[in-house]
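Fold and geometry: a report
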Amino acid sequence: AQYELPDGKTIDIGTERFKTCELMFNPALLEADKCSLFGVSAASELQAVHECISESVGKCDSDIKKDLYSSVIVTGGNTLFPGFKERVERDLSEAVSLLKVKIISPMATTERRFSVWIGGSILASLGSFQQMWISRKQYNEEGAQVVQIQCP
């Protein structure tokens, strides 16, 4: 498929359109020379979306796990990919076959697309969060690891 960029340049994009989305569900597909883009040295260090959800729920009290799996809320730009909700629900259901899984995408498309940005802007405006800010100068001097150091 051909796409016109804002500067007027036209580019051809083929299977990359699908491979990019598939990485969220199957990170093993990540090519070794691209791992550094994700801050890892090997694709095996990454988790699929359903694995992240399962790990997070697994750290909760066993009394509430059933409720959590029955109301997983997805939001943000990536959730707008066609079939995202259904794929997460299928993969997560297979991973936790004894529990009922329900994925919820509660907002209209526009709200889902910008909800992470809106939440981030609210968080950034809180005085208690401002102590965690990282300046451009600090980032340039210390590199990406400053995020892990300052925001453990």
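First, a word on what this report is: a plain description of the structure on this page. The structure displayed is predicted, hence computed values, not measured ones.

What counts, and where the lines are drawn
Residues numbered from 1 in each chain as written. Predicted model: local features only at pLDDT ≥ 70, side-chain atom pairs only at ≥ 80, totals over all residues. Heavy atoms only, no water. Core = buried A, V, L, I, M, F, W, Y, C linked by side-chain atoms within 4.5 Å. Buried < 20%, exposed > 50% of the residue type's maximum accessible area, 1.4 Å probe, protein only. Helix = DSSP H or I, 4+ residues; strand = E, 2+ residues; numbered from the N terminus. Patch = residues over 30% accessible without salt bridge, like charges linked within 9 Å, V, L, I, M, F, W, Y side chains within 5 Å. Areas by Shrake-Rupley, 256 points an atom, 1.4 Å probe, with all protein chains shown as cover. Salt bridge = Lys/Arg side-chain N within 4 Å of Asp/Glu carboxyl O. Phe/Tyr/Trp six-rings, centres within 6.5 Å; stacked < 30°, edge-to-face > 60°.

Quick word on the nonpolar core
Ranked by internal contacts, the top residues of the largest apolar core, which has 15 residues, are Ile53, Phe84, Val88, Leu92 and Ile103. Mapped onto this core, the elements with two or more residues apiece are helix H2 (49-58) and helix H4 (84-95).

Some thoughts on a nonpolar patch on the surface
Together, Phe114, Trp117, Ile118 and Ile122 make up a nonpolar patch on the protein surface, roughly 470 Å² of accessible area in all. In this structure, Phe114 sits in helix H5 (residues 109-125). Residue Phe114 is classed as partly exposed on the basis of its relative accessible area of 38%.

Some words on the packing of aromatic side chains
Counted according to the given criterion, the structure contains one aromatic pair. Where Phe25 meets Phe84, the ring centres are 5.6 Å apart and the plane angle is 55°; that geometry is what we call tilted. Pair noted here: Phe25 is in the loop between helix H1 (16-22) and H2 and Phe84 is in helix H4, with a separation of 59 residues, a long-range link. The class of Phe84 is buried, set by a relative accessible area of 7%.

Purely geometric numbers; function is a separate question.
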